[in-house]
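Chain and residue survey
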Amino acid sequence: MSDHTKASGPIPFRNPGWAGNTGSFDLTEAQVRGDDFVGVRPPDGGHPSGAPSYPYMKADKAPDAPLFEGPYRERFEKILTRYPETRAALLPTLNLAQELRGHISPDTMREVAVLLDLPEAYVRGVTSFYTMYNKKPVGRFLIQVCTNISCNLCGGDEVLAAFLKHTGTELGATSSDGDFTVMEVECLAACGTPTAVQINSRYYENVTPDGVPAILERLRARGE
Amino acid sequence: MAFPYEHEREVRILSRGWGDPRTRTLEGWKALGGYQALEKALRMPRGEVIDEVKASGLRGRGGAGFPTGVKWSFMPKEKTGPQYLCCNADESEPGTFKDRELLRWTPHQLIEGCLIAAHAIQADHVFIYCRGEFFEAVQVLARAVEEAYEAGLIGKDILGTGIDIELTVHSGAGAYICGEETALMNSLEGRRGLPRIKPPFPAAVGAFGRPTTINNVETLCAVPHIVQHGGAWYREQGTEKSSGTKLFCVSGHVVRPGNYELPLGFPLKDLIYDVCGGFRPGRSLKAVIPGGSSVPILNAAECEDCTLDYEGVVEAGSMLGCASVIIMDDTTDIVKQVRRMVDFYAHESCGQCTPCREGTQWMARILRRIEEGRGTEEDMDTLLDLGDQMTGTTICVLSDSAAAPVASSIAKFRDDYLALIRRGERVGAA
Ligand SMILES: Cc1cc2nc3c(=O)[nH]c(=O)nc-3n(C[C@H](O)[C@H](O)[C@H](O)COP(=O)(O)O)c2cc1C
Ligand code: SF4
Ligand code: FES
């Protein structure tokens, strides 16, 4: 059998900010997250091939923004060019509406139905199937803690409890200052860096209960 | 250079370049020899590309392990209209986290693989369906696709060969079931992600009612290397029936969890103790789920001689799935973890089939009752009974996946259940 001594040896562990453990590598947070390659993505979606795939949650939401104007209109039109049927633009359009407004209200569903010439009931049916559509408004920061098996083995439940405690909220409710909504989420595909937490569109990995106050601090200060 | 840890026993083919931000760029990918395979493939007759992939023995990395070249050859010989390639980047099986790393470190590897596959199956348009949560990874991918369009690698008349292939990055919106191939197609079409009854199979009637092939991210990432170096070269790694390397996603109670690229057939014990550094001092092995939450659980004795290839894991009593190895030490409360997995399936069931919709809910409730110390020994029989009724009776295998950890944990960790039931006491709860 192989070398058992490694188990008790020092654990190489580096963490650039909150992007996760970088183990054997020396990388900045921007490098891990890809920010330095991607830069700031334009709201018009850049090349049409990627227009359907942009962020879905921002801190600053505009619940009354029109669907769609300016660069968002451009992006919506680019989305329409990518599929053989208009119906296929439904999810990307809902994603776009949520990115702008923060949640998908019955009114938004109606407007999207008109935009894509689909029955309103159909749009409702589809929207309710997918968990990432917020059916009601959420806080500036939507905090989703993974408690599925790999994270759970390493303390996911405790991290969830810490977020609830430090934001002073209950599961699914928004804090009184409107900043935080905490929810439980299924596996985020970051099981090797438990506990994985998604805050708005960003992943925070290797989160421990002790690290929670600093994350909340950072959110208030940096807005992401 | 797997990420976040490296190990000298790794064989890095797909993960070469991980942890190096330069490989995200077109320039960086070309510096590693990128897009040479595409040039080569586009000038080969498409039948030859399929034959090379068949010769490599590559098997689908999305879970089922179906031979990729054979799957491609199911597509119509004579094209009668549009055809599609879907890349399955919906990665949501608990314990699996390899596709995300492939997307965010080596996006051009995936783009190249998609284009070669699209040529081989005569697809006009590639849709990369990414789970909606993958914001960072998808931004990197979309940027890379943009670069490839600008360089004339995607779009009309690719590299002057007269071949046209479009590629679109598509984001889902949170539903595990959309990883099932026909549910993914429904979701892509703007419908609820409900699995379809097969037949017809996707190669006949797939996305938008047209012939479609669907492959996992890791499967497609292996393709450029196979085309470049040949099927025989790929077979140098792995075993006779499970060729090549595989990304192992190791999570749970080991010192260095993470992704490791190893040849198929690698011994499970070496993965745990050598590659991942074993357990924390004073802890020992209790159980392993070798292929993501959908496969039967293995106890310590079954891990002893288990090798990690499609056949080896079946022999040990489970399945390789997507090689998501979840490792549990002796502090683990098995009943709680099984209940958590069943909660997941109950939440993610699409609700079309009664055994799955009702069965997962019932199982979750009974398991919670046992966990809370209010269970009876009869409950275990009820669970096994339910599991039988949920297996092989539904449209997709999500239902079977929910039953597998329950049945296997009752068989192998009966004492944990009994302890809770008899004494109302939780085994292992620290
Ligand atoms: C419930 C369910 C969930 C699945 N989730 C995924 C997934 O997240 N990613 C994936 O690649 N395949 C997933 N699959 C497998 C796909 O249906 C399909 O077999 C696979 O994408 C085919 O690609 P491959 O031949 O390259 O493996 C899932 C299957 C089922 C039944
Ligand atoms: S088995 Fe479950 S998830 Fe699959 S189609 Fe039936 S109800 Fe839906
Ligand atoms: S189990 Fe938490 S990210 Fe997979």
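Residues numbered from 1 in each chain as written. Chains lettered and ligands numbered in written order. Predicted model: local features only at pLDDT ≥ 70, side-chain atom pairs only at ≥ 80, totals over all residues. Heavy atoms only, no water.

Let's talk about the overall build of chain A
How we decide: Numbering goes from the N terminus for both helices and strands, where a helix is a DSSP run of H or I of at least four residues and a strand is a run of E of at least two. Only protein chains enter the area calculation, which uses a 1.4 Å probe; residues under 20% of their type maximum are buried, those over 50% are exposed, and those in between are partly exposed. Whether two residues touch is decided by their heavy atoms; if any such pair falls within 4.5 Å, the residues are in contact.
Secondary structure summary: chain A contains nine helices and four strands in total. Secondary structure of chain A in N-to-C order comes out as α-α-α-α-α-α-β-α-α-β-β-β-α. Burial status across chain A gives 58% buried among its 224 residues. Sequence separation of at least 24 residues holds for 63% of the intrachain contacts in chain A that already meet a minimum separation of 6.

What about the sheet that holds strand E3 (residues 166-171) of chain B?
Note on sheets: strands pair through backbone hydrogen bonds, and any given pair is parallel or antiparallel. Residues and elements named next belong to chain B. Note the following rule: In this scheme, strands are said to pair when DSSP sees at least two bridges between them. Axes here mean lines fitted to C-alpha atoms, for a helix over just the part in contact, with angles spanning 0 to 180 degrees between N-to-C directions.
Pairing is parallel across the open sheet formed by four strands, whose spatial order is E3-E2-E1-E4. What marks the edges here is a single partner per strand, and that holds for E3 and strand E4 (212-216). Neighbour to neighbour, the strand axes of the sheet diverge by 20° on average, direction disregarded. Sheet analysis places strand E1 (residues 84-89) next to strand E2 (residues 125-130), joined by six bridges and oriented parallel. When the bridges of E2 are listed, cysteine 86 appears paired with phenylalanine 127. Sheet contacts for helix H6 (residues 107-121): E1, E2, E3 and E4; angle to E1, the most-contacted strand, approximately 145°. Docked against the sheet, helix H9 (residues 217-229) engages E1 and E4, running at close to 90° with respect to E4.

Things to note about the domain arrangement of chain B
By convention, interface size is frequently given as the accessible area that disappears when the constituent parts associate. All names here are of chain B. Our working definition: Where each domain begins and ends follows an automated or database-derived domain assignment. Here's the idea: put two parts together, see how much 1.4 Å probe accessible area each one loses, and the total over both is what we call buried area. Criterion for a salt bridge: a side-chain nitrogen of Lys or Arg within 4 Å of a carboxyl oxygen of Asp or Glu.
We note that the domain assignment places domain 1 (21-234), domain 2 (245-329) and domain 3 (334-422) within chain B. Distance between the C-alpha centres of domain 1 and domain 2: 28 Å. The partner domain 2 presents 19 residues to the 17 residues of domain 1 that form the contact. In this assembly, domain 1 packs against domain 2 so that about 1300 Å² is buried in total across both faces, 54% of it on carbon and sulfur atoms. Applying the counting rule to domain 1 against domain 2 returns two salt bridges.

Focus on the domain arrangement of chain A
Residues and elements named next belong to chain A. Domain annotation for chain A reports domain 1 (51-129) and domain 2 (141-222). Of note, the centres of domain 1 and domain 2, computed from C-alpha atoms alone, are 27 Å apart. Residue-level contacts link five residues of domain 1 with six residues of domain 2. Between domain 1 and domain 2, a total of about 400 Å² is buried, with carbon and sulfur atoms accounting for 48% of that surface. If you sort the residues of domain 1 by the area they bury against domain 2, Tyr56, Met57 and Ala59 come out on top, with a joint share of 86%. Seen at the junction of domain 1 and domain 2, the total is zero salt bridges.

Describing the site of ligand 2
To keep things clear, this is the line we draw: Here, proximity means that at least one heavy atom of the residue falls within 4 Å of the molecule or strand. Classification used: nonpolar for Ala, Val, Leu, Ile, Met, Phe, Trp, Tyr, Cys and Pro, charged for Asp, Glu, Lys and Arg, polar for all others including Gly.
Residues in close proximity to ligand 2 total 13 residues, the closest being B:Cys350, B:Gln352, B:Cys353, B:Cys356 and B:Cys396. Across the shell around ligand 2, the residue classes break down as eight nonpolar, five polar and no charged.

A few points about the side chain of B:His7
Threshold: Side-chain atoms alone can form a polar contact between residues adjacent in sequence; in general such a contact is a pair of N or O atoms within 3.5 Å, and within protein one must be able to donate a hydrogen while the other accepts it.
When you line up the elements, B:His7 lands in the segment before helix H1 (26-31). Engagement of the side chain of B:His7 in a polar contact is seen with the side chain of B:Asp274, the distance being 3.3 Å.

Overview of the packing of helix H15 (residues 354-371) of chain B against helix H17 (residues 398-412) of chain B
Residues and elements named next belong to chain B. The condition that has to hold: Each angle gets one of four labels, with under 35 degrees taken as roughly parallel, over 145 as roughly antiparallel, 65 to 115 as roughly perpendicular, and the rest as oblique. Each crossing gets its hand from how the near helix is turned against the far one by less than a right angle, where anticlockwise is left-handed and clockwise is right-handed.
Where H15 meets H17, the axes come as close as 9 Å, and the angle between the chain directions of the two elements is 25°. When the interaxial angle is binned, H15 and H17 end up roughly parallel. Pair H15 / H17 crosses with left-handed handedness. Touching Pro355, Cys356, Thr360, Met363 and Leu367 of H15 are Leu398, Ser399, Ala402, Ala403 and Val406, all from H17. In terms of residue class, the contact of H15 with H17 is made up of eight nonpolar, two polar and no charged.

Thoughts on the sheet that holds strand E3 (residues 197-199) of chain A
All names here are of chain A. As summarised here, the arrangement of the four strands in space is E2-E1-E3-E4, forming an open sheet in which the pairing is mixed. Looking at which strands have only one partner, the edges of the open sheet turn out to be strand E2 (180-185) and strand E4 (202-204). Taking each pair of neighbouring strands and ignoring which way they run, the sheet shows an average axis angle of 25°. Of the strand pairs in this sheet, E3 and E4 are connected by three bridges, and their pairing is antiparallel. Bridged to glutamine 198 within E4 is tyrosine 203.

A closer look at the site of ligand 1
All names here are of chain B. For clarity, the threshold we go by: Every accessible area reported is derived by Shrake-Rupley at a probe size of 1.4 Å, with residue values counting cover from the shown protein chains alone.
In the vicinity of ligand 1 lie 18 residues, with Gly62, Lys71, Asn88, Asn216 and Thr219 positioned nearest. In the environment of ligand 1, an oxygen atom lies 2.9 Å from a nitrogen or oxygen atom belonging to the side chain of asparagine 88. Between an oxygen atom of ligand 1 and a main-chain N or O atom of glutamate 91, the distance comes to 3.5 Å. When isolated, ligand 1 has an accessible area of 620 Å², and the protein chains bury 90% of it. If you tally residues by element for the shell around ligand 1, the top one is E4, at three residues.

Observations regarding the interface of chain A and chain B
With 74 residues of chain A in contact, the opposing surface of chain B contributes 92 residues. Interface area, chain A with chain B, both sides summed: about 6700 Å², of which 58% is carbon and sulfur. For the pair chain A and chain B, the number of links is seven salt bridges. In this structure, A:Glu205 and B:Arg100 form a salt bridge, with 2.6 Å as the shortest nitrogen-oxygen distance. Elements with a minimum of two residues in the side of chain A that touches chain B: helix H1 (29-33), helix H2 (35-38), helix H4 (90-101), helix H6 (120-129), helix H7 (149-153), E2 and E4 of chain A. The greatest single-element share of the side of chain A that touches chain B, amounting to five residues, is contributed by H6(A).

Let's talk about the packing of aromatic side chains
Threshold: The aromatic pairing rule takes the rings of Phe, Tyr and Trp, using the six-membered ring of Trp, and pairs them if the centres are within 6.5 Å, calling planes under 30 degrees apart stacked, those over 60 edge-to-face and the rest tilted. Geometrically, a charge over a ring is one whose NZ (Lys) or CZ (Arg) sits within 6 Å of the ring centre while staying within 35 degrees of the ring normal.
Using the criterion set out here, one finds 16 aromatic pairs over all chains in the structure. Ring geometry for B:Phe344 and B:Tyr345: centres 5.0 Å apart, planes at 70°, overall edge-to-face. Grouping residues by exposure puts B:Phe344 and B:Tyr345 together as buried. Chaining the aromatic ring pairs together yields one cluster made of A:Tyr83, B:Tyr84, B:Phe127 and B:Phe208. Above the plane of the ring of B:Trp362 lies B:Arg365, whose end atom (NZ or CZ) is 4.8 Å from the centre.

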